[in-house]
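Spelled out, the chains give:
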Amino acid sequence: MALNTPVCDFGWQAVDFALADTSGAQHNLSTLRGANGLLLMFICNHCPYVKAIIDRICRDARELQSLGIGVAAIMSNDPVEYPEDSFDNMRRVAKALDFPFPYLYDPTQDVARSYGAVCTPDFFGFNRDLALQYRGRLDASGRMPALPDARRELVEAMRLVAVTGEGPALQTPSIGCSIKWRH
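Below or above, wherever it landed, is the structure these notes cover.

Cut-off values and rules
- Residues numbered from 1 in each chain as written.
- Predicted model: local features only at pLDDT ≥ 70, side-chain atom pairs only at ≥ 80, totals over all residues.
- Heavy atoms only, no water.
- Salt bridge = Lys/Arg side-chain N within 4 Å of Asp/Glu carboxyl O.
- Helix = DSSP H or I, 4+ residues; strand = E, 2+ residues; numbered from the N terminus.
- Buried < 20%, exposed > 50% of the residue type's maximum accessible area, 1.4 Å probe, protein only.
- Contact = heavy atoms within 4.5 Å.
- Pairing = 2+ DSSP bridges.
- Axes fitted to C-alpha atoms, helices over the stretch in contact; angles between N-to-C directions.
- Parallel < 35°, antiparallel > 145°, perpendicular 65-115°, else oblique.
- Nonpolar A, V, L, I, M, F, W, Y, C, P; charged D, E, K, R; others polar.
- Phe/Tyr/Trp six-rings, centres within 6.5 Å; stacked < 30°, edge-to-face > 60°.

## As for the pattern of salt bridges
Stage number 1. Enumeration according to the criterion identifies 12 salt bridges in this entry.
Stage number 2. Across the salt bridge formed by D122 and R135, the nearest N and O atoms sit 2.8 Å from each other. With D122 in strand β8 (residues 122-126) and R135 in the loop between β9 (132-134) and α5 (153-164), this pair connects stretches of sequence that are 13 residues apart.
Stage number 3. Under the relative-accessibility criterion, D122 is labelled buried at 0%.

Rendered as structure tokens:
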């Protein structure tokens, strides 16, 4: 079932966490944040919406990192019901696609709950004070990639956040598969 993210709650403070990435390294807000902000993305391996844009996510993450924005992805789905999202498969996907960011595993789903994540992909763009400034989409892609020259909404928004500390007033919600909660 496709869901849309809620509108941006400007100024909402990032909630700290401690999660391991696919190499076993531990991360939290202080290790992930960049000098000009932080982008957290809730993604997974099996979602067609994520698969349609994962190459663009990697491209845009590299560009945002060059602007002083820290970037990390979090996988919170239930891997029992969705084996493609298992930790071993996370490790395989991160390596195969050469993720330029840590791919974190949220085994308790507590981080997804604390952020109010609703779908994959779900983007949370924070300024240097870790105040939420963007909760929109990557671009016009859905289950299929948008045209190659599609407006890069996430990059534009986070570039603005890096420079001014504030995100755009108008944001288009992300769309994707629902987070697969444990029963």
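## Here we look at the side chain of E153
Stage number 1. Its place among the elements puts E153 in helix α5.
Stage number 2. Apart from the residues within four sequence positions on either side, E153 is in contact with Y134, R137, L138, D139, A140 and T172.

## Notes on the sheet that holds β8
Stage number 1. Strand order in the open sheet made by the seven strands is β3-β2-β6-β5-β4-β8-β9, with mixed pairing throughout. The strands lining the two open edges of the sheet, one partner per strand, are β3 (26-27) and β9.
Stage number 2. Bridge count between strand β5 (residues 69-75) and strand β6 (residues 103-105): three bridges; the pairing is parallel. Looking at β6, one finds that A73 is bridged to Y103.
Stage number 3. Packed on one face of the sheet, helix α2 (residues 48-66) meets β4 (37-42), β5 and β8 and runs near 150° to β5.
Stage number 4. Sitting on the sheet, α5 is in contact with β4, β5, β8 and β9, with an inclination near 140° to β9.

## Some remarks on the packing of α2 against α5
Stage number 1. Put simply, α2 and α5 touch, their axes get as near as 10 Å, and they point 10° apart. Taken together, α2 and α5 sit at an angle that is classed as roughly parallel. Residues D60, E63 and L64 of α2 pack against V155, M158 and R159 of α5.
Stage number 2. Here the contact of α2 with α5 is composed, by residue class, of three nonpolar, no polar and three charged.

## Digging into the sheet that holds strand β10 (residues 175-178)
Stage number 1. Within the open sheet, the three strands sit side by side as β1-β10-β7. Their pairing is antiparallel. Only two strands of the sheet have a single neighbouring strand rather than two, namely β1 (2-4) and β7 (119-120).
Stage number 2. Where β7 meets β10, two bridges bridge the pair, whose relative direction is antiparallel. Looking at the pairing, C119 lines up with S178 of β10.

## What to know about the pairing of β10
Stage number 1. As paired strands, β1 and β10 are joined by three bridges and run antiparallel to one another. If you follow A2 over to β10, its bridge partner there is C177.

## Considering the environment of A112
Stage number 1. In this structure, A112 sits in helix α4 (residues 110-115).
Stage number 2. A sequence separation of 79 residues divides A112 from R33, and the C-alpha atoms of the two residues are 18 Å apart.

## Regarding the packing of aromatic side chains
Stage number 1. What the rule picks out here adds up to 10 aromatic pairs.
Stage number 2. Between F42 and Y115, the ring centres sit 6.0 Å apart and the planes meet at 50°, which makes this aromatic pair tilted. Residue F42 is located in strand β4, and its partner Y115 is located in helix α4; the two are separated by 73 residues in the primary sequence. For the pair shown, F42 and Y115 are each scored as buried.
Stage number 3. An aromatic cluster is built from W12, F17, F42, Y115, F124 and F126, whose rings are joined through pairwise contacts.

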